[in-house]
Amino acid sequence: MAETALPQDSAPQSPAFESPVVQSYPASRAGDLTLSDESAVTKWLVRAGTDGPTADLLGAPFGASRVAPDGALVLGSRPGEWIVLGTASEVAAAVAGLDGLDEQEFCSALDWTHGRAMFRVTGSSAARMLEKVCGLDWSDHMTPDGAVVSASAALVTCDIARHDRDGVRSYLIFCDRSFGQYLFAALIDAGNEFGLSVAAASAS
């Protein structure tokens, strides 16, 4: 049985998104390292069996990611757990097949957009910045482009995905919304020595 509430044109409108980052920061471009608040991007959490039709449909194994045909990014965040993100239409297309699996296995799909903060760090110094707040090895051989990990960053439990942009190292960092402001400030503090600039927020 599938327990889903898939995005539909006829569904009631969600409340207006409010960023977990409530403090204002100057949007400068001093260096090549940038931090942006992308919490407004549509995010869904899908849970199901580790080896079944849902896993086959989403196609991202644990610890890895893939871009779905319609453009959503699918992250294999934990065994039997996926984060699907992108525009509302991209995410809807990526999870549209879940309803057809209800006779094969139980799965759940929940809109996580309002409940999770998401930040992006991009630049050649991004790995060195993360090393200051997280004890994982961010070298290419341990966490290549497409890798997905769960780790503590600045003492906050996070999901972190490497998702390079045009060949430039870039990471998506997810945490519970309630820690968003604290983590954003901690990342700024970690990046200041590398010439970090804070970019304008991105919307879904």
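Refer to the structure presented above.
Here the residue numbers are simple positions, counted from 1 along each chain's written sequence. With the structure being a predicted model, the display of local features is reserved for residues of pLDDT at least 70 and the display and counting of side-chain atom pairs for 80 or more, all residues being used for whole-chain, interface and lining totals. The basis for every side-chain value is the complete set of non-hydrogen atoms in the structure, without hydrogens or water.

Student: I tried to follow the overall build of the protein on my own but got confused; where do I start?
Tutor: Summing up its helical and strand segments, the protein has 4 helices and 12 strands in all. The cut-offs for exposure are 20% and 50% of the maximum accessible area for each residue type, with area from a 1.4 Å probe on protein chains only; residues under the lower value are buried, those over the upper are exposed, and the others partly exposed. Residues counted as buried form 50% of the 204 residues belonging to the protein. A fraction of 69% describes how many contacts in the protein between residues 6 or more apart in sequence connect residues 24 or more apart. Using a 1.4 Å probe, accessible areas were evaluated by the Shrake-Rupley method; residue-level cover was limited to the displayed protein chains. As presented, the protein carries roughly 9,700 Å² of accessible surface, and 52% of it is formed by carbon and sulfur atoms. Numbering of helices and strands starts at the N terminus; helices are DSSP runs of H or I of at least 4 residues and strands are runs of E of at least 2. When checking whether two residues touch, look at their non-hydrogen atoms; a contact exists if any pair is within 4.5 Å.

Student: Teacher, can you tell me more about a nonpolar patch on the surface here?
Tutor: Residues forming no salt bridge and having over 30% relative accessible area are the ones grouped into patches, like charges within 9 Å of each other and nonpolar side chains (Val, Leu, Ile, Met, Phe, Trp, Tyr) within 5 Å. The working definition used for a salt bridge is a side-chain nitrogen of Lys or Arg within 4 Å of a carboxyl oxygen of Asp or Glu. Taken together, the side chains of L155, F179 and Y182 define a hydrophobic patch exposed on the protein surface, amounting to about 370 Å² of accessible area. Tracing the chain through its elements places Y182 in helix α4 (residues 180–191).

Student: What should I look at first to understand the sheet that holds strand β10 (residues 156–162) in this one?
Tutor: The strands making up a sheet associate through backbone hydrogen bonding, with each pair oriented either parallel or antiparallel. The pairing criterion for strands is at least two bridges between them, as found by DSSP. The strand order across the open sheet formed by 6 strands is β9-β10-β11-β8-β2-β12, and the pairing between neighbours is mixed. In this open sheet, the two strands that pair with only one neighbour each are β9 (148–153) and β12 (197–198).

Student: Looking at this model, I keep getting lost on the pairing of strand β2 (residues 34–37). Mind explaining?
Tutor: Sheet faces and side chains relate simply in a regular strand, where the side chains alternate between the two faces. Here β2 shows two buried faces, one formed by T34 and S36 and the other by L35 and D37. With 4 bridges connecting them, β2 and strand β8 (residues 116–122) associate as antiparallel partners. Its bridge partner being in β8, T34 is matched across the sheet by T122. Of the strand pairs in this sheet, β2 and β12 are connected by 2 bridges, and their pairing is parallel. Paired with L35 across the two strands is V198, which belongs to β12.

Student: Could you clarify how one ought to interpret the packing of aromatic side chains in this entry?
Tutor: Aromatic ring pairs are described here by two measures, namely the spacing of the ring centres and the angle between the planes. When the centres of two rings from Phe, Tyr and Trp lie within 6.5 Å, Trp using its six-membered ring, the rings pair. Their planes under 30 degrees apart give stacked, over 60 give edge-to-face, and anything left gives tilted. Taken as a whole and assessed by the stated rule, the structure comprises 2 aromatic pairs. Look at W138 and Y171: their rings are 5.4 Å apart centre to centre, the planes differ by 75°, and that puts the pair in the edge-to-face class. Here Y171 lies in strand β11 (residues 170–176) and W138 lies in the loop between α3 (126–131) and β9, a separation of 33 residues in the sequence. Summarising the burial analysis for this pair, W138 and Y171 share the class buried. Just above the ring of W112 sits the side chain of R116; from NZ or CZ to the centre is 4.6 Å. Across the ring face of F17, the terminal group of R177 is positioned such that the distance to the ring centre comes to 5.8 Å. In this analysis the charged atom, NZ for Lys or CZ for Arg, is taken to sit over a ring once it is within 6 Å of the ring centre and within 35 degrees of the ring normal.

Student: Before we go on, may I ask you to explain unusual backbone geometry in this structure?
Tutor: Leaving glycine aside, a negative phi is the common case for residues, and trans is the common case for peptide bonds. The phi dihedral of L155 is positive, around 70°, even though this residue is not glycine. Following the sequence through the fold, L155 ends up in the loop between β9 and β10. Residue L155 is classed as exposed on the basis of its relative accessible area of 79%. Its identity is not glycine, yet D166 carries a phi of approximately 50°, on the positive side.

Student: How should I be thinking about helix α2 (residues 88–95) in this particular structure?
Tutor: Spacing of three or four residues puts side chains on the same side of an α-helix, whose turn is 3.6 residues. Buried within α2 we find V91, A92, A94 and V95. Mapping the buried residues of α2 onto a view down its axis gives an arc of 165°, with all of them on the same face. When we speak of the arc, we mean the arc of directions from the helix axis to the C-beta atoms.

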